[in-house]
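# Summary of the model geometry
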Amino acid sequence: EKAPWPRYKTCGGGLVWRARHDLDIDLREVSERDIHRAELRLQDTDLGFAVERRQPLITMTMRSALDERLTRAALEAGAEMRDRAPVTRLTPRREHVEVEAAGREHRARFIIAADGAAGGTAELAGWPGQRLAIPALESELTVDRSTLERFTNLARFDFPVDLAGYAWVFPKHRSLSVGCLSRNRRRPALKRHLDDYLGRLAIRPLERQDHGFVIPIAPRSRDLARDRVLLTGDAAGLADPVTCEGISNAIVSGRLAAESMAAADFDPHIVATRYMRDLERTLLRELRFARRLAWLLFDAPRLRRFFFRHLGQPLSEAVADVIAGERTYRDLLTSLSSYRTALRRWRWKTGAHPNG
């Protein structure tokens, strides 16, 4: 770990139900609030939708506390941790990988790169930079009690027309996490968008701490395993392009990496082949369907308005099912009964093509 531990981690702190379920670790001690209801609003229309589930759609945490709990579970399972140890060199050899960190050399049969979007392990191992990483701005706000109570029991998502992304409000135990992200990587003006969003919702923070970060929403490469190095999570570029949430796919890819090594008896060629095969069968195929939906939500505002006006509630319910782990994006796009009919109607009405 590069930083002293424990450390602050920039993150909205929303742990979706499918991630919480996959972790199989008791997280009650780090849960700030369980959210069963989510609201979605299109700010350029009068449209708004709400979904609610029996199990929490999102568990709100402080990311530093969540990471500390996961670290404790790893240590209890036999792992060792070295903090203040940024990796500065990584050299694959025939039988092992040499890793230099904080002036010390280590050897390992395999490296699982799980150091996030800004981590350097992948590039040290010879991969190119992230293909598509979008900017985000998150603000931890201390607010008065009445403001906190307005947002206590729901997660709110807003789609401003000029953002090419979304803004959110996540309630914590004593604070709010408010932020925005944009698929416009050039000049998204996130600070202005966030200030406007706070003003629109009449949120006047008593204290405010802004934190910028990037979210990788496309795989770094077609090849995510080679030379005894396996990329996982945000280091591999596996964040969900619809929700821009990364913990779920980090958990799944990390598990697949470990299972590949164990099942292949640590043979590097078989490990890499099995890992890529399992990624393709699960995450990579699913992410291709997710990118289609992300295009609709973020890059085609006219089509988005049309779809949400005709299919807003079932589409919102379907995305909630994906967050809950009860459905896939592939199933969502192929089984939504009015999807193709509505698309044909939009194309006939506007003379447009969704890929044009």
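The structure this text deals with has already been given above.
Since this is a predicted model, take the numbers as computed values, not measurements.

Before going further, it helps to spend a moment on the pattern of salt bridges. Going through the model one piece at a time under the given rule, you end up with 36 salt bridges. One salt bridge in this structure joins R37 and E39, with 3.4 Å as the shortest N-O distance. Through salt bridges with shared partners, a single ionic network connects R53, E317, D321, R327 and D331.

Within the open sheet, the three strands sit side by side as β1-β5-β2. Their pairing is antiparallel. The sheet is open, and its two edges are formed by β1 (14-16) and β2 (33-35), each paired on a single side. For this sheet the average axis-to-axis angle between neighbouring strands, irrespective of direction, equals 25°. Relative to strand β5 (residues 58-60), β2 is paired through three bridges, and the arrangement is antiparallel. From the neighbouring strand, R33 faces β5, where its bridge partner is M60.

Spatially, the three strands line up as an open sheet ordered β9-β16-β15, and their pairing is mixed. Of all the strands in the sheet, the pair left with one neighbour each is β9 (111-113) and β15 (225-226). Inspection of the sheet shows β15 paired to strand β16 (residues 229-231) by two bridges, in the antiparallel sense. Residue pairing for β16: A225 is matched across the bridge by L230.

If you look at the biggest cluster of nonpolar residues, it comprises 55 residues, and the most contacted ones within it are L293 and L332. Ranked by size, the runner-up nonpolar core spans 29 residues in total, among them A122, A225, V252 and L284.

Moving on: the packing of aromatic side chains. This structure, assessed with the given rule, holds 10 aromatic pairs. Their ring planes at 40° and their centres at 6.1 Å tell us that W168 and F170 sit as a pair that is tilted. With respect to burial, W168 and F170 carry one shared label: buried. Within the aromatic cluster, the residues linked to one another by ring pairs are F157, F159, Y166, W168, F170 and F298. Here the basic side chain of R109 rests over the ring of F266, its NZ or CZ set 4.0 Å away from the ring centre. Here the guanidinium or amino end of R228 rests over the ring plane of F110, the centre of that ring lying 5.4 Å away.

With that settled, consider helix α8 (residues 268-299). With 32 residues, α8 should cover 46 Å at 1.5 Å per step; its first-to-last C-alpha distance of 40 Å lies more than 12% under that length. Here α8 starts with a cap whose side-chain oxygen sits 3.1 Å from the backbone nitrogen of H269, and that cap is D267.

Before going further, it helps to spend a moment on the pairing of strand β3 (residues 37-42). Looking at chain direction, β3 and strand β4 (residues 48-52) are connected through five bridges and run antiparallel. Residue R41 lies in a different strand from β4, and its bridge partner there is G48. In this structure, the hairpin formed by β3 and β4 is closed by a connection of five residues. With five bridges connecting them, β3 and strand β11 (residues 155-159) associate as parallel partners.

Attention now moves to the packing of helix α7 (residues 247-263) against α8. Two numbers describe how α7 lies on α8: the axes approach to 8 Å, and their chain directions differ by 155°. Between α7 and α8, the angle is such that the two are roughly antiparallel. The interaxial crossing formed by α7 with α8 has right-handed handedness. On the side of α7, the interface is formed by N249, V252, S253, L256, A257, E259, S260, M261 and A263, while α8 contributes V271, R274, Y275, D278, L279, T282, L283 and L287. When grouped by side-chain class, the residues that make up the contact of α7 with α8 number 10 nonpolar, four polar and three charged.

The next thing to look at is unusual backbone geometry. The omega torsion across W5 and P6 is -5°, close enough to zero to call that bond cis. The phi dihedral of A102 falls on the positive side, at around 50°, and the residue is not glycine. Secondary-structure assignment places A102 in the loop between β7 (97-101) and β8 (104-108). Given a relative accessible area of 47%, A102 falls into the partly exposed group.

So, on to the environment of V322. Relative to the helices and strands, V322 resides in helix α9 (residues 301-323). Sequence spacing of V322 and P128 is 194 residues, and the spatial spacing of their C-alpha atoms is 31 Å.

The rules behind these values
- Residues numbered from 1 in each chain as written.
- Predicted model: local features only at pLDDT ≥ 70, side-chain atom pairs only at ≥ 80, totals over all residues.
- Heavy atoms only, no water.
- Salt bridge = Lys/Arg side-chain N within 4 Å of Asp/Glu carboxyl O.
- Pairing = 2+ DSSP bridges.
- Helix = DSSP H or I, 4+ residues; strand = E, 2+ residues; numbered from the N terminus.
- Axes fitted to C-alpha atoms, helices over the stretch in contact; angles between N-to-C directions.
- Core = buried A, V, L, I, M, F, W, Y, C linked by side-chain atoms within 4.5 Å.
- Buried < 20%, exposed > 50% of the residue type's maximum accessible area, 1.4 Å probe, protein only.
- Phe/Tyr/Trp six-rings, centres within 6.5 Å; stacked < 30°, edge-to-face > 60°.
- Lys NZ or Arg CZ within 6 Å of the ring centre and 35° of its normal.
- Expected span 1.5 Å × (residues − 1).
- Polar contact = N/O pair within 3.5 Å; in protein donor to acceptor, adjacent residues only side chain to side chain.
- Parallel < 35°, antiparallel > 145°, perpendicular 65-115°, else oblique.
- Left-handed = near helix turned anticlockwise from the far one by under 90°.
- Contact = heavy atoms within 4.5 Å.
- Nonpolar A, V, L, I, M, F, W, Y, C, P; charged D, E, K, R; others polar.

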